[in-house]
Structure formats: C-alpha cells, structure tokens
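# Structure at a glance
Residue strings, one per chain:
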Amino acid sequence: MNILLVNPPNCGRSIPEERFGIDSLKQIFRGEPLALEELAGNLQEHQVRIVDLKADPEGLSDMLRHFTPDLIGITGVTCEANTMLRLADELRQSYRVPVVVGGIHASNDPDFFNHPFIDYIVVGLGKKVFAELAAALEEKRSHIRLPGVIATDPGGKIVRPAWRNDNSDLVEERPPAYDLVRHYRSHYILERLNLSMGFVASAYGCPQRCSFCCIEGQTGGRYLSKSIDAVIGDIERLGPEIPVVRLVDANTFGDVNRARRLGEALAASSLQKHYLADIRSDTVVHHPELLRLWKKAGLRAVVTGFEEIGDDRLRAMNKANTAAVNTEAIAILNDLDIKIVGDFILSPDYDEGDFERLGLYLENSGIDLPMITVMTPLPGTALYAREKKRIINHDLDYYTLTNAITSTRLEEKTFYSLYAALLAHSHKSVHI
C-alpha cells in the first residue's frame, strides 16, 4: 500500500495578535514529526511518505503529484484539531481511500473526530496498531476490531474499544524512519536557542497526575520506556551531522534507576552528542548524583515544569511539589552549569501584582530561559472537567497555551500586554 502520513501546518490562532496587535506571544513549533516517523518505522511492508506542512506549507500538493495514497494518516495536537478535520475532508474528497486520525487530541477527545470523512480514530501510541490496521485494510476485512482503533459512526455514538498500552506497543525493534524527513532537516531548529536538533523518544507517558497535563491519554496513564539499546540506536540513526538531541519524553527521569542506566550508557558511548531532556525539580533535588552523571554524558540543558512560584497554586494544579524544592533544584542545576528551560503557567485570574511577583522571581531565579504559557483546560484533563463551565472560547484553534480561554480577571488587553512584557523582559540569548 501507499501510505501518506501528514503533519499539519502551524495553524493556531492568537487572541492578543488579532484583537490588540500583540504578535510577540505566538509560538512556532519547528520540531520534526517524530510520532509519524515512529509510525513509519513499523510500516516497512508499505511505501510510506511523510509530508510535514510545518516545514513546507505547500508540500502536500507537491507530494500528491507523484504519490497516490491508498491510506492516509493525520496527527496533531489540540490547537491543530480543526485543521486536521479540514485536511481529512479535502483529502477524502480527492482520494476515496481510508482516512485515519491520531495523536494526543484524538486520544483525549476521540468524539471530536466522529465525521463522515474520517474512517478510524487511533488512540494511544498507535505504532503497533496502526500497522495492524493498515494490514487489515489491505486485506479488505469488513469488520475491523483492534485495541485502540475506533471506527467512526457519523450521526451516532462511537464505541471506544478497550486499550491498554504496554511496552510491546513501542515496537522498538523497528526504529523511527528518520530518512523520510531528511529533506526537511534544515527546518528543525530550536529558534530561541539557535540550535538544530534531532528528536528521540526514550520514554512515553508520565507517572505524575498534574491536573493541567494531557499526556495521560498517550499511554492510559502508564510510564513506558524503551530499552537502553533502542535509545542508543535511535540516537546513532540521527547521524553525526546532528549535534544536539532533544529527548522528547514528558519525563525522561520518570524511572530513576532506568535513567541512571541510560546515563551510564550514554557516557560510555562514542556518540559525542549534547542532550536536552525533561526532568522534575524534585528528581533533581533527590538525585543530584544522577544529574552529575548525565552532565558527563552530555546533558547540557533541562526543561523543568516549575509552573508556579507559590505552594497554594502548585497544590491547585496537583503538582505534588513545592516552591522550596524548585528553588533548591535551580541551585543544583546552576552549580552543575546545566542550562534551565523553566516552564511557568499564568492563571487567567492573575492581577497586576501576580505579574509583578512572577517578573521579579524570574529576574532573580537563575533560570536561563523561562517559557511562559497560559493555563488552558485541554479536553481530557482533570482541569478541563473542573473548568468546563467557565470556558468562554470553544474554538480549538485558540488552544495554543498562549490564549486565555476562560475569562481574565484583568481587562483582556491589560492581561496580554503584561504577558508580552513579561516574556520580553525574561527572554535572553542562551547557548548550550
């Protein structure tokens, strides 16, 4: 079969830009579509093409001039869900072939995709079951029942099959098909760090239950990790021309013992890469020796979700952490000269004093690059269930994490102006 996998274009909309001309809050995603590369790696029996519309917005028409699909797969996050529908509709009109959607929004809110121009919705990781679905479609089976695959029923209710991801769903013996996006490589940069980098997944899911996080839908709440050999192999496959590897796990250090073994393997290898990984601040505090090991292995920067500067708001997020632990973690990372990309979440309930306090904190915190978003109740999260009645903007195009979709306490223009000023003041040049 000819299988076309589509990564949607940058398509999120911006309230501050549209209403107030504040264009500095838009975030552009430039990372490679690793989820599709992983899927393609398990489709070796087929002819597969990946079109990355973030890297090349006109690439779909160019691809379809010389590649006629028998099956189409589309992925995307919440702010891309409307665009996924549009792409599915357009492609289905042109090619009367099965259209399948997947990704984190499909996993958390599959009902959203119950449309006549979509045939199947894949929930969870999808690497194993998408290949099984492709085989079933090629065999023209009339009734397909696979764990994690939902047949659409436009006008009716979809039936969600039981699914439970485990390590077999990683299909790690079939690595990502990095070669399918090699012609896009120059587009895959971390703009604010001025770095070209490759993506590797070493683990999926997260053992924590922060109320705002949508990652639970990826693995059904489980934490699944690849073998050490598989991770090393994926890094090697990126090639020597890529000096920086972004471990895209929600929490690379979710299993400390396994993280230690991986760090030892990286340190003993001849890879000579630099790494950017996600870690919780309490892991830094409880296991500073682990960070020392990873520093030797090539860890140059970490992404840490500090989220808030006060314990009361951290508790409200079910963050299971404290401001004191965050402060201690920053000191440890600074001492090790590991750069810190710190995630913070603004509440729409912020007033001027809250913005001022966060600004002063960031100015003196020792965090190299603050990344500041707006609290967004994403479908499928505990926060969404709690805040659903307060949501005033139901257009998913605005669920970019830089728009307030519930009412702001401050006048709206004031909120976004203070947000933009906070970003402008806190961002500086950082080099790994």
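The structure contained in this document is the topic of the report that follows.

Rules used throughout
Residues numbered from 1 in each chain as written. Predicted model: local features only at pLDDT ≥ 70, side-chain atom pairs only at ≥ 80, totals over all residues. Heavy atoms only, no water. Helix = DSSP H or I, 4+ residues; strand = E, 2+ residues; numbered from the N terminus. Rg over C-alpha atoms; globule rule 2.2 N^0.38 Å. Buried < 20%, exposed > 50% of the residue type's maximum accessible area, 1.4 Å probe, protein only. Areas by Shrake-Rupley, 256 points an atom, 1.4 Å probe, with all protein chains shown as cover. Pairing = 2+ DSSP bridges. Phe/Tyr/Trp six-rings, centres within 6.5 Å; stacked < 30°, edge-to-face > 60°. Expected span 1.5 Å × (residues − 1). Arc of directions from axis to C-beta. Polar contact = N/O pair within 3.5 Å; in protein donor to acceptor, adjacent residues only side chain to side chain. Core = buried A, V, L, I, M, F, W, Y, C linked by side-chain atoms within 4.5 Å. Contact = heavy atoms within 4.5 Å.

Across its full length, the protein holds 16 helices and 15 strands. What you see for the protein is a C-alpha radius of gyration of 21 Å, in line with the 22 Å of a compact globule of 432 residues. Over its C-alpha atoms, taken along the principal directions, the protein stretches across nearly 60 × 55 × 40 Å. Counting across all 432 residues of the protein, residues that qualify as buried make up 58%. Accessible surface computed for the protein: about 18600 Å², of which carbon and sulfur atoms make up 48%.

Remark: a regular strand shows side chains that alternate across the two faces of the sheet. Within strand 1 (residues 2–7), five of the six residues are buried, which leaves the element mostly enclosed by the surrounding structure. When strand 1 meets strand 2 (residues 47–52), the two strands line up parallel, connected through six bridges. Within the sheet, the bridge partner assigned to I3 lies in strand 2 and is V48. When strand 1 meets strand 3 (residues 71–74), the two strands line up parallel, connected through four bridges. Bridging across to strand 3, I3 finds its partner in L71.

Bringing the packing of aromatic side chains into the picture now. Each aromatic ring pair is specified by the distance between its two centres and by the angle formed by the two planes. Enumeration according to the criterion identifies eight aromatic pairs in this entry. A ring pair is formed by F112 and F113, whose centres lie 5.1 Å apart and whose planes are at 85°; its orientation type is edge-to-face. Residues F355 and F415 carry aromatic rings whose centres are separated by 5.5 Å and whose planes lie at 75° to one another, so their mutual orientation is edge-to-face. A residue pair is termed long-range when its members are at least 10 positions apart, and F355 in helix 14 (residues 352–364) and F415 in helix 16 (residues 412–426) qualify at 60 residues. For F355, a relative accessible area of 5% corresponds to the buried category. Clustering of aromatic rings is evident, with ring pairs tying together F20, Y350, F355, F415 and Y416.

This next bit is on helix 9 (residues 256–268). With 13 residues, helix 9 should cover 18 Å at 1.5 Å per step; its first-to-last C-alpha distance of 18 Å lies within 8% of that length. Every buried residue belonging to helix 9 is among V256, R258, A259, L262, G263 and L266, and all of these are buried. The arc enclosing the buried residues of helix 9, seen along the axis, measures out at 155°, which places them on a common side. The distance from a side-chain oxygen at the start of helix 9 to the backbone nitrogen of N257 is 3.3 Å, and the residue carrying that oxygen is D255.

Let us now look at the nonpolar core. Membership of the largest hydrophobic core comes to 72 residues, with the highest contact counts inside it found for L266 and Y419. The dominant element in this core, judged by the number of residues it contributes, is helix 16, at six residues. Beyond its immediate sequence surroundings of up to four residues, L266 is in contact with I232, I235, L271, Y275, W294 and A297.

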